[in-house]
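Summary of the model geometry
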Amino acid sequence: MDTKDVIRKLRTEKGWAQDTLAGKVHVTRQAVSRWETGETIPGADTLKLLSRLFGVSVNTLLGEPRRLICQCCGMPLDDGLMSREADGTLNEAYCKWCYDGGKFAYSDMEELIGFLSGHMAGDGRTPAQVREYLESLLPQLDHWKK
């Protein structure tokens, strides 16, 4: 879905006219119209406002151009799994189980691997195989890079 379609869909789901959305993000109705026709896209600051207003990530507003994964555990992320900062804004870097309210749940990689190995095993994967996979993946993620 393109940015123009995402913004139109989110606005209409709220039952808002273009004027209403424009007032909430401090732009003109014409600016909203240009977004929804694909003539322009919102700037970075406005994307952040729209993200907070609609409760979706900037990535979603941009039509999901990137595949996001948690930079702590490697889980694929969508808006429902993303963590939140202490002020309630979405954090596109971490899942809600690894990071919430500005705090990390895991400070030790071995603790995380131990937890995940037990939960990810099955469907033909042993805990040892999961452990081996995680030991190669996690050091590549931003939270664990040294």
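Residues numbered from 1 in each chain as written. Predicted model: local features only at pLDDT ≥ 70, side-chain atom pairs only at ≥ 80, totals over all residues. Heavy atoms only, no water.

Focus: the layout of surface pockets
As a reminder of what qualifies: The definitions used throughout rest on a 1 Å grid laid over the protein atoms alone, on which a cavity is an enclosed set of points accommodating a 1.4 Å probe that cannot get out and a pocket is an open set flanked by protein within 12 Å on both sides along at least five of seven lines; lining residues are those having an atom within 4 Å of a point. Grid points are joined across faces, edges and corners, and a volume is the space filled by probe spheres set on the points. Only DSSP runs of H or I reaching four residues or more are called helices, and only runs of E reaching two or more are called strands; each is numbered from the N terminus.
By volume, the largest pocket amounts to about 190 Å³. Looking at the lining of the largest pocket, the elements with two or more residues in it are helix H6 (109-120) and helix H7 (127-137).

Quick notes on unusual backbone geometry
Basically, it comes down to this: Any residue under 20% of the maximum accessible area for its type is buried, any over 50% is exposed, and the rest in between are partly exposed; the area is computed with a 1.4 Å probe on protein chains only.
Positive phi, normally seen in glycine, also occurs at His 26, with a value near 60°. Exposure remark for His 26: the relative accessible area of 66% places this residue in the exposed category. In this structure, Asp 123 takes a positive phi of about 50° despite not being glycine. Relative to the assigned elements, Asp 123 resides in the loop between H6 and H7.

Quick look at the confidence of the model for the protein chain
Close reading of the predicted structure is inappropriate where its pLDDT is low. Applicable threshold: You can read pLDDT as the predictor saying how much it trusts each residue, on a scale of 0 to 100.
Per-residue confidence for the protein chain averages 92 on the pLDDT scale, and 99% of its residues sit at or above 70. The secondary-structure element of the protein chain with the lowest mean pLDDT is helix H5 (residues 58-61), recorded at 90, while helix H2 (residues 18-25) shows the highest, at 97.

Considering H6
What counts, and what does not: To estimate how far a helix should reach, multiply one less than its number of residues by 1.5 Å. Two residues qualify as a contact provided that any one of their heavy atoms is within 4.5 Å of a heavy atom in the partner residue. As used in this structure description, the phrase polar contact means that two N or O atoms lie within 3.5 Å; if the pair is within protein, one of them must be able to donate a hydrogen and the other to accept it, and residues adjacent in sequence are counted only when both atoms belong to side chains.
In this model H6 runs 16 Å from its N-terminal to its C-terminal C-alpha over 12 residues, within 8% of the 16 Å that 1.5 Å per residue would give. Along its buried surface, H6 packs onto H7. N-capping of H6 is provided by Asp 108, with a side-chain oxygen placed 3.2 Å from the backbone N of Glu 110.

Some details on the nonpolar core
As a reminder, the rule being used: Remark: nonpolar core denotes a set of buried residues (Ala, Val, Leu, Ile, Met, Phe, Trp, Tyr, Cys) joined through side-chain atoms within 4.5 Å.
Ranked by size, the top nonpolar core spans 21 residues in total, and within it Cys 70, Cys 72, Cys 73, Cys 98, Leu 112, Leu 138 and Trp 144 carry the most contacts. Listed by contribution, the elements that provide at least two residues to this core are strand S2 (90-95), H6 and H7. Beyond its immediate chain neighbours, meaning those up to four positions away, Cys 73 contacts Cys 95, Cys 98, Leu 112, Leu 116, Leu 137, Leu 138 and Leu 141. Of all hydrophobic cores here, the second largest spans 14 residues; its members include Ile 7, Trp 16, Val 25 and Trp 35.

Brief notes about the side chain of Ser 57
Position of Ser 57 relative to the elements: it lies in the loop between helix H4 (44-54) and H5. Among the polar contacts listed, one links the side chain of Ser 57 to the backbone nitrogen of Thr 60, at a separation of 3.0 Å. Excluding residues that lie within four positions of it along the chain, Ser 57 makes contacts with Ser 51, Asp 79, Met 82, Leu 90 and Glu 92.

Some details on the packing of H2 against H4
The description of two packed helices rests on the angle between their axes and on the distance between the axes. Note the cut-off: Think of each axis as a best-fit line through the C-alpha atoms, taken over the contacting stretch in the case of a helix, with angles from 0 to 180 degrees between the N-to-C directions. What sets the label is the angle itself: under 35 degrees gives roughly parallel, over 145 gives roughly antiparallel, 65 to 115 gives roughly perpendicular, and the rest give oblique. In this scheme, a crossing is called left-handed if the near helix is turned counterclockwise away from the far one by less than a right angle; it is called right-handed if the turn is clockwise. We call Asp, Glu, Lys and Arg charged. Ala, Val, Leu, Ile, Met, Phe, Trp, Tyr, Cys and Pro are nonpolar, and the rest, Gly among them, are polar.
Packing of H2 against H4 leaves a shortest axis separation of 10 Å and a crossing angle of 110°. By the angle between their directions, the pair H2 and H4 is classed as roughly perpendicular. Between H2 and H4 lies a crossing whose hand is right-handed. Contacts between H2 and H4 involve Leu 21, Lys 24 and Val 25 from the former and Thr 46, Leu 49, Leu 50, Leu 53 and Phe 54 from the latter. Class assignment of the residues belonging to the contact of H2 with H4 gives a composition of six nonpolar, one polar and one charged.

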